[in-house]
Amino acid sequence: MSVAVAPVIRHTRFGACASVLLLVFSAFNAHAQLRPLEAIPWKLFETSNTLGAELGASRMFDQKASLAGTSGTLTEVANFSFAFRTGRVVIEAAGTGQRLFHEQSRFADPYSGVAPVEDGTRRDAGDYRISTALRFTPDAFPVIGVLRFGTRLPTTDNTTGLDRDATDFFATVGASSAGGPLLVGAEGGLGIHGTREPRFEQDDLFLYALHAELRKRMWTPTLSLVGQVHGYDHNAIRGVENLGEARIGFRAGDRNWLRLEAIKGYTTFSPSAGILFTAGFVR
């Protein structure tokens, strides 16, 4: 699948770059828009570790499924990430194995082509993504600077109403502290997201992530924000609305770890609350 060029002048400056990169990544599957893009895997850049993996699950309350026009409880099973570093480059594959969405109320008519469900539960595969992150600051520099780019492709069925049959491209620039007990990282950049609107086939969004953690020997408190914001020269397009989540939690362990996070959404199409559990390791 290739990225459609929108009939909007501001998109033309991204067209050539996006087309080349999407051809490179088109063999991989990635993410659509119930949840925002996760942050750069900073831990692999600032230590001697070269391999990291994690597996978990989440449960989100009062989540809106924009294309289905319903609100309910979203359960994500088999959230995973696998990343490895070679030199100054980290390659990551990540996604969600399965989504279950239990409808509780309706706020809009379903988008064209979205089918009703008799038992009130929508089931579909989750998302998958592939990304490459390159460190561009010297090893001895006190700040780690990283450029990340990648793609997200749909693995879902349009009739379920949980996702878009469209291709996304993202590129972000980030920086974090190097070493020490306190890690602070931030990133921001561009997402070129396909839509299901024939008159506006893609939308440009600002992607952002902030992360902080106070490292201790066994218990590490964490705080983060992740989200996306669409351009304010037009109204939000269904399926690519603003998203934003604040997360607070803790991680137990260092090389082998468990993480528990409480989530609070602060945009209309993010969950009112949620919980995320993850287990993982670094080597």
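Structural data are supplied above this passage.
First, a word on scope: everything that follows refers to the structure included in this document.

Calculation criteria
Residues numbered from 1 in each chain as written. Predicted model: local features only at pLDDT ≥ 70, side-chain atom pairs only at ≥ 80, totals over all residues. Heavy atoms only, no water. Helix = DSSP H or I, 4+ residues; strand = E, 2+ residues; numbered from the N terminus. Buried < 20%, exposed > 50% of the residue type's maximum accessible area, 1.4 Å probe, protein only. Contact = heavy atoms within 4.5 Å. Salt bridge = Lys/Arg side-chain N within 4 Å of Asp/Glu carboxyl O. Core = buried A, V, L, I, M, F, W, Y, C linked by side-chain atoms within 4.5 Å. Pairing = 2+ DSSP bridges. Patch = residues over 30% accessible without salt bridge, like charges linked within 9 Å, V, L, I, M, F, W, Y side chains within 5 Å. Areas by Shrake-Rupley, 256 points an atom, 1.4 Å probe, with all protein chains shown as cover. Phe/Tyr/Trp six-rings, centres within 6.5 Å; stacked < 30°, edge-to-face > 60°.

## Details of the environment of Leu182
Reasoning step 1: Within the secondary structure layout, Leu182 lies in strand S8 (residues 182-194).
Reasoning step 2: Residue Leu182 is classed as partly exposed on the basis of its relative accessible area of 45%.
Reasoning step 3: In this view, Leu182 contacts Ser177, Glu213 and Leu214; residues no more than four positions away in its chain are not counted.

## Comments concerning the pattern of salt bridges
Reasoning step 1: If you walk through the whole model with that rule in mind, you get 17 salt bridges.
Reasoning step 2: Here Lys43 ties to Asp254 by a salt bridge, and the two come within 3.5 Å at their closest N and O atoms. In this pair, Lys43 is assigned in helix H2 (residues 43-46) and Asp254 in the loop between strand S11 (243-252) and strand S12 (256-265), connecting sequence segments 211 residues apart.
Reasoning step 3: Among the residues examined, Asp254 registers a relative accessible area of 41% and is labelled partly exposed.
Reasoning step 4: Its salt-bridge partner being Glu213, residue Arg215 comes within 3.0 Å of it at the nearest N-O pair.
Reasoning step 5: Here the salt bridges do not stand alone but share partners, grouping Arg35, Glu38, Glu76, Arg99, Asp127, Glu245 and Arg247 into one network.

## Some thoughts on the nonpolar core
Reasoning step 1: Counting residues in hydrophobic clusters, the biggest one holds twelve residues: Leu34, Met60, Ala65, Leu67, Ala68, Leu74, Phe101, Tyr111, Val114, Leu162, Ile263 and Leu276.
Reasoning step 2: The residues contacting Phe101, other than those within four sequence positions of it, are Gln63, Ala65, Thr70, Ser71, Gly72, Thr73, Leu74, Gly120, Thr121, Arg122 and Leu162.
Reasoning step 3: By size, the runner-up hydrophobic cluster in this structure holds ten residues, among which are Ile40, Trp42, Val90 and Leu183.

## Regarding unusual backbone geometry
Reasoning step 1: With phi around 55°, Asp62 is a residue other than glycine that occupies positive phi space.
Reasoning step 2: By secondary structure assignment, the location of Asp62 is in strand S1 (residues 51-65).
Reasoning step 3: The class of Asp62 is partly exposed, set by a relative accessible area of 43%.
Reasoning step 4: Of note, Ala78 is a non-glycine position whose phi angle comes to about 65°, a positive value.

## Observations concerning the environment of Ser176
Reasoning step 1: Counting through the fold element by element, Ser176 comes out in strand S7 (residues 168-177).
Reasoning step 2: Linking Ser176 and Leu210, residues 34 residues apart in sequence, is a C-alpha distance of 9.6 Å.
Reasoning step 3: Once residues lying within four places of it in the same chain are set aside, the contact partners of Ser176 are Trp42, Pro142, Val143, Ile144, Val184 and Gly185.

## Thoughts on the pairing of strand S13 (residues 273-282)
Reasoning step 1: Residues of S13 alternate between two faces, with Gly274, Leu276, Thr278, Gly280 and Val282 buried on one and Ala273, Ile275, Phe277, Ala279 and Phe281 left unburied on the opposite face.
Reasoning step 2: Across ten bridges, S1 lies against S13 in antiparallel orientation. In the sheet register, Phe61 faces S13, and the bridge partner there is Ala273.

## Overview of a nonpolar patch on the surface
Reasoning step 1: Where nonpolar side chains cluster on the molecular surface, the patch consists of Met218, Trp219, Phe250, Leu258, Leu260, Ile275 and Phe277 and spans about 670 Å² of accessible area.
Reasoning step 2: Of all elements in the fold, only S12 and S13 reach the threshold of two or more residues within the nonpolar patch.

## Overview of the packing of aromatic side chains
Reasoning step 1: This model, assessed by the stated rule, comprises four aromatic pairs.
Reasoning step 2: Seen from their ring centres, Phe80 and Tyr128 are 5.4 Å apart, and the 45° between their planes marks the pair as tilted. Here Tyr128 lies in strand S5 (residues 128-135) and Phe80 lies in strand S2 (residues 70-86), a separation of 48 residues in the sequence.
Reasoning step 3: Relative accessible area serves as the criterion here: at 28%, Phe80 is assigned to the partly exposed category.

## Some words on the environment of Ala94
Reasoning step 1: Relative to the helices and strands, Ala94 resides in strand S3 (residues 89-106).
Reasoning step 2: Distance in space between the C-alpha atoms of Ala94 and Tyr128 is 5.6 Å, their sequence separation being 34 residues.
Reasoning step 3: Contact partners of Ala94, with chain neighbours within four places excluded, come to Phe80, Ser81, Asp127, Tyr128 and Arg129.

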